[in-house]
Amino acid sequence: MISKNDEVLLEIDGYGHSGEGIGHVDGYTLFVQGAIPGEQVRVRVVKAKKNYGYGKILSVEETSDARVEPVCPVARRCGGCELQHMSYEEQLRFKTGHVRECMERIGGVDGLLCPDGMTDSEPEMTKSSIPSEGVRMEVLSAFSCDAEPCRYRNKAQFPIGRDRSGRPVAGFYAARSHEIIPCEDCLLQDAKINRILMIIMDHVREVDKELADESMVYNEETHTGWLRHVYIRLGYATGQMMVCLVVNDRIGSDYEKKAGSRYRLTDLVTKIAREPGEKAVLLNENTKKTNVVPGEKYIQLTGLPYIEDRIGQLRFQIGPDSFYQVNPHITKKLYDKALEYAALNGRETVWDLYCGIGTISLSMARHAKQVIGVEIVPQAIGNAKENAKINQIENATFIPGAAEDVIDEAMADWGGIPLPDVVVVDPPRKGCDEKLITAIGKAAPDRIVYVSCDPATLARDIARLRPYGFELKKVCVVDQFWQTRHVETVVLLSHSI
Ligand code: SAH
């Protein structure tokens, strides 16, 4: 019987969903963050449930060849990167294994073959014997890109707080907590983003010293203070930057000159605008006791209410509330893979559900008869319509609303939306609503291209689409999120015959 605080010597024989190592003691399962299959680790049990528990590494007794020293000094404390202790090859092995395991266990898919050049070395993951005619997984890794995969992110949201000595700091929340781990040079962020953060934090620390009270920095516990978050987004190809200060204050058009003067806001905006590249500097009001980062109201301090970026030949306007892919080094390859799987010949009607600012819709429009995009965030739909215009694309239509409602209504009440030959879905982590799966089943497209940021819900939806005759034909794991447990997958589903 395992209890809390026990010390156990454990052989790690598999991975959990988040890349944590798994070991067993007399049938009892222990999850150990930071352990790699093949290793022997000494752990302290920090949480013990009936059939499983969590261990914290005390020492690694036998080390895997795949273990590397984390590149970031706060890797173990910050909740952002779970895989820094693994070599890049091992990270890919974990991710492809995880996708495969979800497909087999949750999706009921048989005979998925490992990617070329990758052996079946992940012990727990591979449970079924694999027939020779399965689908072979593909991998697009950051190393297949021109740039080094470090500093790949184009977007960051930094919570602002104080360290133990009361000094204002920016950083990231520790895993499953709201403790801010100070980190003002995150190695995953583009250097331009960290440079702007540094300018902001230098200003905050300077003004904080001048203010007699505690008002400069938000305090989550007391719900007092001003600056809550700094949200920065970079248009990688254009160099344009959106800088958004999320403040716990009521904002209005004269805010900068009046209430904002206390924080020397005009001075800060000038410092930010002086940096290279066009800037959109925004203030966002968030006076609620909430974990949601930006509130609804923005005011423009300088620049335009959006930034522009390019993906391949296409230009895109991106508003602060609109989704945009975070790894610009691999986005074009991800979309090219979706386009390859869609196999368009110019005569198809394509539905792009969960279309955001229309990036996939517009990259497919020139290869199709028409594209219809559906998206729930109104600002993103506004951007998508504008993006069609600035790229002179006339065969793309964008509809605001929840995909499950829009498509369900379209299927119930004929006339509005033409039936699709190809459906693309790119939902958030929770996957597609069941109502949408039913409506897609009824719409009976030839092909479905599913772009997913969560293999478990992808696999669930593959299983739900099977009764409508859709089978898995192609799978590509896209490693957009180096150093983290997150994995993007593109799959093609089509009828068996
Ligand atoms: N394909 C786009 C966006 C993918 S992210 C791109 O590559 O940029 C998922 C998008 O789905 C987000 O824009 C989010 O706002 C939107 N969304 C979330 N729930 C939705 C729903 N129920 N119906 C339609 N869109 C939704």
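Caption draft 1: Main features of the pattern of salt bridges. Applying the stated criterion across every chain yields a total of 32 salt bridges. Residue Lys 337 pairs with Glu 138 through a salt bridge whose shortest N-O separation is 2.7 Å. With Lys 337 in helix 4 (residues 331-342) and Glu 138 in strand 6 (residues 138-140), the pair connects residues that are 199 residues apart, well separated along the chain. The buried category is assigned to Lys 337, whose relative accessible area is 9%. For Glu 138, a relative accessible area of 27% translates into the label partly exposed. Among the ionic pairs, Asp 254 bridges to Lys 258, the shortest N-O distance being 3.1 Å. Relative accessible area serves as the criterion here: at 39%, Asp 254 is assigned to the partly exposed category. Through salt bridges with shared partners, a single network forms among Glu 206, Glu 210, Arg 264, Asp 267 and Lys 271.

Caption draft 2: Seen up close, the pairing of strand 12 (residues 279-285). Across the 7 residues of strand 12, 7 count as buried, placing the element largely inside the fold. With burial as the criterion, each face of strand 12 is covered, one bearing Lys 279, Val 281, Leu 283 and Glu 285 and the other bearing Ala 280, Leu 282 and Asn 284. Direction of pairing for strand 11 (residues 241-247) relative to strand 12: parallel, over a ladder of 7 bridges. Looking at strand 12, one finds that Val 243 is bridged to Val 281. This β-α-β element, strand 11 to helix 3 (residues 265-274) to strand 12, shows right-handed connectivity. When strand 12 meets strand 13 (residues 297-302), the two strands line up antiparallel, connected through 5 bridges. Following the sheet pairing, Leu 282 is matched in strand 13 by Gln 300.

What counts as what
- Sequence positions are assigned chain by chain, starting from 1 and proceeding in written order.
- Predicted model: local features are reported for residues with pLDDT of at least 70 only, side-chain atom pairs are reported and counted for 80 or more only, and whole-chain, interface and lining totals are derived from all residues.
- Side-chain figures throughout are based on the complete set of non-hydrogen atoms in the structure, without hydrogens or water.
- The salt bridge definition used is simple: a Lys or Arg side-chain nitrogen within 4 Å of an Asp or Glu carboxyl oxygen.
- Strands are runs of DSSP state E lasting at least two residues, helices are runs of H or I lasting at least four, and both sets are numbered from the N terminus onward.
- Using a 1.4 Å probe on the protein chains alone, a residue whose accessible area is under 20% of its type maximum counts as buried, one over 50% counts as exposed, and one in between counts as partly exposed.
- Two strands qualify as a pair provided that DSSP identifies no fewer than 2 bridges between them.
- Whether a crossover is right-handed comes down to one check: with the strands pointing away from the viewer, does the path from the first strand over the helix to the second run clockwise; if it does, it is right-handed.

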